[in-house]
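Breakdown of the fold
The primary structure of each chain is shown beneath.
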Amino acid sequence: MAVTSIQQIKGYTVLPVQLEPSKHVQKSYHYLYLKKHVIKNQPESQTRSLFLVNLPINSNFATIKKLFSDVAIGCIIESFESTQYEDPKSVINYDVEVDLSRLTNEELVPTEDTSNQRIPVGCGIVTFLDRSGLNLALTSIKKLVSSNNIKYPSWRISEDEATGTVRFTKSKKLNSEALSEEVSKSLQEFQQRELAAKEDLSTIKSLVDEDGFTLVVGSHRKTKNGILGSSKKAIDLEKNEAALKKMKKKEKQDFYRFQIRERKKLEMNELLNKFKEDQERVRVMKEKRRFRPY
Amino acid sequence: MVKRRREQEEVDVADVSINPTVPNGSSTSEEHDPLNEVDDTNNSEDLDDDDDDDDESGDEEEQSAKRSKVTRPQLSAQDVQIARETAELFKSNIFKLEIDELVKELRLKESHCKLVEKVLHRLHDIIQQVPKSAEFTLTEAEKYISDSKHKISIPFPDPKPTGLNYKLQYDTPENISLVGSFGLKTGIQQQNGMSIDVALTMPKSLFQPKDYLNYRALYKRSFYISYLANYLITLTKKNHLPVKISYEYVNGDKLCPALHIESYTPDNVHDDDLIFEKTKFSIRLIVGFEFGLFESKKLLPDRNCVRVQSESDDGKLPPTPLYNASILSSTTYNYYLKYLYTNKKSADSFRDAAVLGKLWLKQRGFSSHVNEGGFGHFEFAMLMTALLGGGGENGNKILLHGFSSYQLFKGTIKYLATQDLCNEGYLSFSSVVGEVNSVYKKNGFNVPTLFDKNTKINILWKMTNSSYSVLKKLANDTLQLLNDVVQDRFRPIFILSSNNPLLKYDTLIQLPLAHLNQKENFGPVEKISFLTFENFVCSKVHRILSKALDERAYQISVTASFNDSKWSIHKRKPSFSSENDDKYITIGLYLNPLECEKKVTKGPLHSDKANGEKFASFWGNKAQVRKYKDGNIQYSCLWSPSPIESTVVTITKYILDLHLTKDISQKLITNSTKFTQLIPRPITSLANSTQPIISPSNFQTLKNSYNDLSKILLNLKLPLAVRSILPISPALRNTSLILPVPFSVADPDFFNESILQFESSMKWPDELIALERTKTAFLLKIDELINKETAYKSFIVKDEHTIPYNNQVTVLHISTPDGFGFKFRVLTERDEVLYLRAIENATEKQKAIVTNVYLEFVQKYMGSVKHHRALSTLVNHFPFFSPTVRLFKRWLESQLLSHHFSDELIELIAIKVFVDPAPFSVPSSVESGFLRILHFLCNWNWKEDPLILDLAKDFENSEEKNNYIDKISDRLTVQTYQSMYNNFYSLRRDDPNALKVQFFIGSKEDPSGKLWSLNKVTLPIASRLTALSKASISLLLKSPDVNEKVLKMIFTPALKDYDFAIKLKTQAEFTTRSGLLPTNKFKNLIQTPTSFPDDIYSLQDPVQAFFEELQSKYNNAIILSSNKYTGLNENGNVNVITGLFNPSVTSAKKKFRVNIGYNTKPTEDEQLLFNKEAVLNEIVTLGGDLISSVEFK
């Protein structure tokens, strides 16, 4: 399989990575597209990160580190973050952010810095220890790509990550103690947030507005949204249904002659419409040859 | 009311005499008038429909456009009238419209009829030209005929005459007339062409009054026919009517040969040649006798008219009902035609009803032919006529002349379904026009009887008790469909054919006629009462089996598997009758699911000596006396259980060996074991080898273990007590493919899942992820208690994929000391609230995604519970559901489809043929259930039709719903049906190509209908399922003897259809580890696992984990398939993973995009292309030592 001759695509440098042949498959190439990672508030010259597109399978700190050490000796990687496709049910949409935690109760979610942009699917960010490391890596990659007759770095699923039987008969049991610790930690955090929210709530309760009113809250209410939400809904309901229902109940349906006539007409029309509908349905069925018994 | 009044006018008009004989051309044109008249009132759009068969589709569209233009302004009082009337006279509007459309569709083509009329005229002229013959003696006649240049034989019936003391002669027929459905104008289009009956009446002068005795009239007729045939060959050629002539028996009646005439196209066509080959019509020249030629009293069914040497001492001869009826029938062709014609004239809708009846019978394989039940169009019309003139016990009218076609049809079906014309009583009528005196009389003759007092014929003489019982059952099934007010049942009643023997019977058994060795029992006495050997054997087999199977079978159909169709005029009778190599007696059983598998046949009490002796002599060695728990001592037979053979087959084999022919069981062909042996067998069957594979007791130990564990869980001391444990695992409702076996940890379904609910509490966190963590905390507590305080072992596993975006779900796995595994996930009352809140809070973009997440949650935590509850009831009610669905799962598994369909979806598809079996009945055997599922799948157009199931627990089909309990029954109502149908309708409006939801399966458990199909099945996979079932069904139904090679092929995947196939081989074998019985090993080498390993995962099948990883990484680009149960494959260590590239991803170049989501390579023009080679390399690398070979297209 030939390597493509293209070196740049839309501003990204194309780095072919060799996938080793085996008994069953030929050697083939994977293509990484990379360029300097630039974010707002940070000029290009200051970045220490490289933005990678089209990550190969099993990209993690170890494998990426290995790759860069193959390409450019001497550059040291500080961290690696990525989003990789993992969706056995085709429900996840990577273009839209969905955080169930936030959607179910915004108040109780840890206020993380949302400025940290999500990484698009299949992409990763490699941060080097310093800017010279980044520059070293980038120049040697460019050199590698433009030179002829070269050996591209190869991609290993990594030595420590087993394949085959060993990989797929790994135990999935969770360590109870570790899990228990993890759970209690996260629940503690959650309780703190809950407490904070409660305090928030009590400040609202004790708040006396300019007219001298305070908000009355039932003992079971847990959240601010719960209270405000429900009071909002109550207003809506009153406006719409109850009033309308009352109005309707008072009216008599068969008092005037015209009402009766109207109703009969309506019934007749309904019957006719249904008849027409049925005719239409049968016509469609006929077109589809549904009346052929053989 | 309106109709009633019209009826009286019609009766007056009907008195005008009619002459339906051929040469009277005007009768046909007159004939069509009343039809059009009827249609005119019904539907103003029918005038232009006659020719739309030949039209191209474009033309048709034009027509429909015209049509709608025409009908629109006519929305008038008349329409209102029709709409109202049809709702009353017919079941519903749509049903009436459908019937109208069907009747139109079935009408014979005008152009064909015209052509054939010309042919008939010419034929009539030709027959008139045949000269009179001299009077011949037998030898002269034989010499004359065989010396003729066409080398014809005389079709003498058996026994062939040797010397006759009377003369044979031909004279011009007294009358030539058109009879049968063509004569009656009730002919319908048929697949293999329609046959037109023309009756010739032999002149009276050729007969003596005593000729009805001893075949005399029949011999005379045989000569008459051959003489006629001889001349016809010459004359038709001369008169430009190129035809082929052969003999055939009228409706399989061996006493009544006729001439079969069909058209062909000669090499050089003359201008005057009349060729009607294209119409597919054929003509049957029947030769009859004059009406009233013989004294009909002498030919009553209980008279003997064939004198033979009797062996019995008193010299009394048995009656010859078949012979008598055959002779009498030959005198009534014209007579009955006139009778039916008059009745048709007097009832407006008679014709349409007769057409419906004819189609109904045809779809079910019934016809007037002896081997096809002996009840066809003619018999149906006669019955309907009789019912128009009474039919009740006091002679009250069952049908009225003003009835609509639907009412006439339904009334007749109802009569067939509910009145016993065989044992309890019979229907007697008189075929004199104007006489109204049909009466149902008590005390039947033990043969199906519809007796015409005037002609002394039993109209049902060709029926047997067996065919009558089947007809009655079919009528009953149809009656229930007609009474269904919820769904439109038009299709199963009229359109779907249910005539394949493999599909319609529960068990099909074939006996080769050649091996029966019954000739010596077929003596002269039997010969005259049964006429043919086949009739004799069928009747004997039916008698034996009815007694032997008793309550196990509802109906037993015994027929000869062949129809002696036409044969060459150079032979006296069909030639293959001497060697019976390819002839079979077909036994079709409709089984009683609750009785048929019982291991004991109970006879009379020990004290009842007389009956006991009968029992013992009938059952031979098998009969024994046993004492039962209730203290009774009874004669009984005990049937030794076999793991795969059904008890009914065992009994049939034994009893036929005993009473019919020794060792016939070796030659008998049946399919039942071929199918049941495909159901995976558990390794435990090694120790307990007699346990039938289909028995529900296979699941019992698992259930006991589950109940024990539930008790422990319910009594645990926890902050919130466990309130309920709701099972959702297939093995706990008897539907798992692999039977549960202790310590079989490699079974992917080893851990049976349940939903755990705690007492309600207000304190659950009000945020989803924290809630999930709290659940984990509870599971941790249970885990701790279980491990500490009981002999059970447990551990917790993370479940990241069940609910997308919620990766904190954990599941508790518990293994029991007796070797089973269970897993539990927690549901709280907050979950659904929170998911719904998430949908509410979501932005426009997020909404669809979060809704999908919610549906995933509903599926796993709530839908599956409801499904399990509904199904576990049905499993008990339908004993054959469990093995059938397991075989169906096996088929899906072998076709690499298991991963694409959830167990719930598969079970819902499979339950269809049980809860809604029409046009068949509820399957009572594995093979019938399996074949009907496939048959349903290949006919299910899921793009256009929803599947709406009634999973009610209330199975009583009571017509009247008056009492209080009936009203709260959970059966499907019209409203719920309609609302589900509307759900489907709106679903398809948004997604007409079924890209999102392919299979809509609505039931009271899931009115949305999409729960089990959404996000799981894909369009290509759904289409593949349909295609595979079509291919399988067409292969399987080819022959009633299912070839095992074919069956094996149907259970083998076609790897060529995929873009790549990666073959895998594991180091260990997973057959015994999954609890399956290896097929190719010595029994003493098989080791049954008896304990759990330290880490259960070390013994699990790596292929499943491999597949899951691939699935989650490449799901958007490749449709991956694999076997879920490696243990079922050869040696238990091979598997395959196949892939179909998603064409929208992989075929075209895409613009460069960072978040494209799949592996790409750059192209010269700075675009991206899917990088197949790299993906394949990745897959193979991941698979490592599992890969054994790769095939890549």
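Residues numbered from 1 in each chain as written. Chains lettered and ligands numbered in written order. Predicted model: local features only at pLDDT ≥ 70, side-chain atom pairs only at ≥ 80, totals over all residues.

A short note on the overall build of chain A
Secondary structure summary: chain A contains 7 helices and 8 strands in total. Burial analysis of chain A (294 residues in total) assigns 23% to the buried set. A fraction of 62% describes how many contacts in chain A between residues 6 or more apart in sequence connect residues 24 or more apart. (Helix = DSSP H or I, 4+ residues; strand = E, 2+ residues; numbered from the N terminus. Buried ≥ 20, exposed ≤ 12 C-beta atoms within 10 Å, placed from the backbone. Contact = placed C-beta atoms within 7 Å.)

Some words on the overall build of chain B
When helices and strands are counted, chain B shows 37 helices and 30 strands. Burial analysis of chain B (1193 residues in total) assigns 47% to the buried set. Residue pairs at least 24 apart in sequence account for 71% of intrachain contacts in chain B once pairs closer than 6 positions are excluded.

Focus: the interface of chain B and chain A
How big an interface is tends to be reported as the loss of accessible area on association of its parts. Contact residues are listed per partner, giving 93 residues for chain B and 77 residues for chain A. Looking at the side of chain B that touches chain A residue by residue, the class counts come to 42 nonpolar, 30 polar and 21 charged. Relative to strand 19 (residues 793-798) of chain B, strand 8 (residues 173-174) of chain A runs antiparallel, the two sharing 2 bridges. The partner of L174 of chain A across the bridge, within strand 19 of chain B, is I796 of chain B. (Nonpolar A, V, L, I, M, F, W, Y, C, P; charged D, E, K, R; others polar. Pairing = 2+ DSSP bridges.)

Digging into the domain arrangement of chain A
Its domain assignment divides chain A into domain 1 (8-84 + 122-161) and domain 2 (252-294). Distance from the C-alpha centre of domain 1 of chain A to the C-alpha centre of domain 2 of chain A: 69 Å. (Domains from an automatic or database assignment.)

Focus: the nonpolar core
Residues and elements named next belong to chain B. Ranked by size, the top nonpolar core spans 131 residues in total, and within it L259, M384 and L450 carry the most contacts. Among the elements that line this core, the one with the most residues is helix 9 (residues 216-238), at 10 residues. Apart from residues lying up to four places away in sequence, L450 is in contact with M382, L383, A386, L421, L427, N458, I459 and L460. Counting residues in hydrophobic clusters, the runner-up holds 87 residues, among them L508, V648, I655 and L678. (Core = buried A, V, L, I, M, F, W, Y, C linked by C-beta atoms within 7 Å.)

A few points about the domain arrangement of chain B
In terms of domain boundaries, chain B breaks down into domain 1 (16-106), domain 2 (110-331), domain 3 (508-573 + 580-599 + 639-667), domain 4 (696-1045) and domain 5 (1053-1192). Put simply, the middle of domain 2 of chain B and the middle of domain 4 of chain B, counted by C-alpha atoms, are 64 Å apart.

What about the sheet that holds strand 7 (residues 439-442) of chain B?
All names here are of chain B. The mixed open sheet is built from 4 strands, whose spatial order is 7-6-8-9. Each of the sheet's edge strands pairs with one partner strand only, and the pair in question is strand 7 and strand 9 (457-458). Here 3 bridges tie strand 6 (residues 425-429) to strand 8 (residues 450-452), and the two strands are oriented parallel to one another. Across the sheet, residue S428 finds its bridge partner in strand 8, namely F451.

Focus on helix 9 of chain B
For helix 9 of chain B, which comprises 23 residues, the first-to-last C-alpha distance of 34 Å matches the rise-based estimate of 33 Å (1.5 Å per residue) to within 8%. Of all the bends in helix 9 of chain B, the largest measures some 30 degrees and sits at L232 of chain B. (Expected span 1.5 Å × (residues − 1). Bend = angle between axes of the 7 residues up to and from the residue.)

Details of the sheet that holds strand 16 (residues 669-670) of chain B
Residue and element names in this part refer to chain B. Strands sit in the order 11-12-10-16 across an open sheet of 4 strands; the sheet is antiparallel. Among the strands making up the open sheet, the edge pair consists of strand 11 (553-560) and strand 16. Pairing geometry for strand 11 and strand 12 (residues 584-591), over 7 bridges, is antiparallel. Counted as the bridge partner of T559 is T586 from strand 12. Against the sheet, helix 19 (residues 533-549) touches strand 11 and strand 12, its axis set at about 165 degrees to strand 11. Its contacts with the sheet place helix 21 (residues 647-659) against strand 10 (507-512), strand 12 and strand 16, and it is angled at close to 20 degrees to strand 10. (Axes fitted to C-alpha atoms, helices over the stretch in contact; angles between N-to-C directions.)

Overview of the packing of helix 14 (residues 405-418) of chain B against helix 15 (residues 465-483) of chain B
Residues and elements named next belong to chain B. Closest axis-to-axis distance for the helix 14/helix 15 pair is 8 Å, and the angle between their directions is 130 degrees. If you check the angle between helix 14 and helix 15, you find them oblique. Judged by the twist between their axes, the crossing of helix 14 over helix 15 is left-handed. From helix 14, K410, I413, K414, L416 and A417 reach across to helix 15, where they touch L471, K472, A475, N476, T478, L479 and L482. Taken together, the residues of the contact of helix 14 with helix 15 break down into 7 nonpolar, 2 polar and 3 charged. (Parallel < 35°, antiparallel > 145°, perpendicular 65-115°, else oblique. Left-handed = near helix turned anticlockwise from the far one by under 90°.)

A look at helix 26 (residues 829-841) of chain B
Because an α-helix packs 3.6 residues into every turn, residues spaced three or four apart end up facing the same way. Taking 1.5 Å per residue as the helical rise, helix 26 of chain B with its 13 residues ought to reach 18 Å, and the 19 Å between its terminal C-alpha atoms agrees with that figure. Inspection of helix 26 of chain B places R830, D831, L834, Y835, R837 and A838 of chain B among the buried residues, and these make up the whole buried set. Relative to the axis of helix 26 of chain B, the buried residues are bounded by an arc of 160 degrees and lie together on one face. For helix 26 of chain B, the secondary structure elements touched by its buried residues are helix 2 (100-104) of chain A together with helix 25 (768-789), strand 21 (821-827) and helix 27 (844-877) of chain B. (Arc of directions from axis to C-beta.)

Things to note about the packing of helix 7 (residues 257-287) of chain A against helix 5 (residues 93-106) of chain B
Following both chains from N to C, one finds helix 7 of chain A and helix 5 of chain B inclined at 35 degrees, their axes separated by 9 Å at the closest point. As for the relative orientation of helix 7 of chain A and helix 5 of chain B, their crossing is right-handed in sense. Across the interface between the two elements, K274, F275, D278, Q279, R281, V282 and K286 of chain A of helix 7 of chain A pack against N93, I94, L97, E98 and E101 of chain B of helix 5 of chain B. Each residue belonging to the contact of helix 7 of chain A with helix 5 of chain B can be placed in one class, and the counts come to 4 nonpolar, 2 polar and 6 charged.

Examining the environment of T449 of chain B
Residues and elements named next belong to chain B. Along the polypeptide, T449 turns up in the loop between strand 7 and strand 8. With 22 residues separating them along the chain, T449 and L427 place their C-alpha atoms 6.5 Å apart. Other than its neighbours up to four places away in sequence, T449 contacts L421, Y426, G444, N458 and L460.

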